[in-house]
Amino acid sequence: MSEDTGKVLHLLTGCTAAGKTELALSWAERNNAEIVSSDSLLFYRGMDIGTAKPSREELARVPHHLIDICSVAERMDITRYVELARSCAESIHARGGRVLVTGGSGFYLKAFFAPVADDIVVAAVLRERVASLSLESALAELRKLNPAGLGSLDTANPRRVTRALERCLASGKTLEGLAAEFAARPSAFSDWSLKLVQLDRRPDDLERRIAQRAQAMIEAGLVDEVRHLLTLGLAENPSAARAIGYRETIAVLQGSLPADRLLPEIVQNTKALVKKQRTWFKTQLPPHPVVDAASATVEQLFVLA
């Protein structure tokens with residue numbers, strides 16, 4: 001991470017319902033900053049209620065980037081996100097503003113600290129051939145190409161096995177060799193200084209906020225939002241359709257979940273997500289301060305970062 005270019009990224013993350021939006025807005029207002037979203041669902045137009053997307057009034061308080069840039073039927077990938085995020089950051093810096101990245105999507109957040117995608121190109125004909133193989137056949141071929149072993153590859157996951165075989169065949173290299181090359185790649189933001197802060201709350205406080213948030217979403221018209229998004233192709237985008245709040249509502253609309261189970265299912269699944277988010281932030285991101293959102297002040301937000 002660069003310390004002498006004057007290019008600084010402030011990153012504010014935290015689990016769902018921690019209270020990132022208001023603190024991010026207040027800090028940005030006081031520090032001539034613009035906000036770059038790292039939330040994997042705010043990309044999509046129309047996914048407003050179920051994502052707790054900032055309101056029109058909140059979006060007007062400071063400039064926001066990478067919100068409402070895709071239709072729900074269009075998939076966002078990490079490579080595209082990194083390109084867009086870097087372009088936004090460079091433009092903000094060139095205008096003399098500060099950059100505040102905020103969101104709770106760990107995979108997108110990790111892209112600021114480490115490489116998350118390689119540049120191996122897999123030809124369509126190769127992808128089709130590998131896709132036609134059974135899991136057993138793909139594993140057998142993969143083991144021939146990797147006599148030293150498959151490392152930590154999840155061999156029970158067809159998608160991961162397929163992807164590994166594609167990359168080995170396309171590059172002519174072993175998984176071990178590819179992993180070593182990948183680890184040596186610089187992150188897309190290696191020329192920036194990164195200051196990361198995580199917001200969190202006491203368990204009882206967070207659980208109360210999760211329940212209130214889920215109730216507010218339903219009362220605000222979540223079911224109608226999802227019904228409309230399905231007509232726009234939501235089901236064609238698995239990552240969006242499986243998001244908490246949306247998958248449960250889709251189940252209600254399809255008749256596989258009773259309507260009176262919508263709220264408790266969203267609450268339960270959000271709690272499970274929070275547990276995963278906390279683990280990700282702890283194990284996948286560099287050491288960083290964790291601040292209690294209930295008592296955090298704008299002035300002290302990045303003091304320890």
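Here's what I pulled together on the structure shown here. Values in this document were obtained by computation on a predicted structure and should not be read as measured data.

Considerations on unusual backbone geometry
1) Next: Even without being a glycine, A17 presents a positive backbone phi close to 75 degrees.
2) Next: Within the fold, A17 resides in the loop between β1 (8–14) and α1 (20–30).
3) Next: Here A17 falls in the buried class, since its relative accessible area comes to 8%.
4) Next: Of note, the phi angle at L66 is positive, near 65 degrees, even though the residue is not glycine.
5) Next: Among the structural elements, L66 can be located in the loop between β3 (64–65) and α3 (78–94).

Focus: the packing of aromatic side chains
1) Next: Within this structure, the stated rule accounts for eight aromatic pairs.
2) Next: On the basis of an interplanar angle of 75 degrees and a centroid distance of 6.3 Å, the ring pair of F43 and Y44 is categorised as edge-to-face.
3) Next: Exposure remark for F43: the relative accessible area of 0% places this residue in the buried category.
4) Next: Y44 gets classed as buried once you look at its relative accessible area, which sits at 2%.
5) Next: Relative to Y108, the ring of F107 has its centre 6.3 Å away and its plane inclined at 75 degrees; by these criteria the two rings are edge-to-face.
6) Next: A relative accessible area of 40% means that F107 is categorised as partly exposed.
7) Next: Linked through ring pairs, F43, Y44, Y81, F107, Y108, F112 and F189 together constitute an aromatic cluster.

With respect to a positive patch on the surface
1) Next: Taken together, the side chains of R75, R159, R160 and R242 define a basic patch exposed on the protein surface.
2) Next: Its place among the elements puts R160 in helix α7 (residues 158–171).
3) Next: Relative accessible area serves as the criterion here: at 43%, R160 is assigned to the partly exposed category.

A closer look at helix α12 (residues 246–254)
1) Next: If you check which residues of α12 are buried, you get Y246, E248, T249, I250, A251 and V252.
2) Next: Those residues of α12 that are buried are in contact with α10 (222–231), α11 (238–241) and α13 (262–284).
3) Next: At the exit of α12 stands G255, carrying a positive phi of roughly 85 degrees.

Some points on the sheet that holds strand β2 (residues 33–37)
1) Next: Strand order across the open sheet formed by six strands is β3-β2-β4-β1-β5-β6, with parallel pairing between neighbours. Each edge of the open sheet is held by one strand with a lone partner, namely β3 and β6 (290–292).
2) Next: As paired strands, β1 and strand β5 (residues 193–200) are joined by seven bridges and run parallel to one another. The residue of β5 that forms the bridge with L11 is L196.
3) Next: Packed on one face of the sheet, α3 meets β1, β2, β3 and β4 (98–102) and runs near 180 degrees to β2.

The rules behind the values
Residues numbered from 1 in each chain as written. Predicted model: local features only at pLDDT ≥ 70, side-chain atom pairs only at ≥ 80, totals over all residues. Heavy atoms only, no water. Helix = DSSP H or I, 4+ residues; strand = E, 2+ residues; numbered from the N terminus. Buried < 20%, exposed > 50% of the residue type's maximum accessible area, 1.4 Å probe, protein only. Phe/Tyr/Trp six-rings, centres within 6.5 Å; stacked < 30°, edge-to-face > 60°. Patch = residues over 30% accessible without salt bridge, like charges linked within 9 Å, V, L, I, M, F, W, Y side chains within 5 Å. Areas by Shrake-Rupley, 256 points an atom, 1.4 Å probe, with all protein chains shown as cover. Salt bridge = Lys/Arg side-chain N within 4 Å of Asp/Glu carboxyl O. Lys, Arg positive; Asp, Glu negative; His and termini not counted. Charge placed at Lys NZ, Arg CZ, Asp CG, Glu CD. Contact = heavy atoms within 4.5 Å. Pairing = 2+ DSSP bridges. Axes fitted to C-alpha atoms, helices over the stretch in contact; angles between N-to-C directions.

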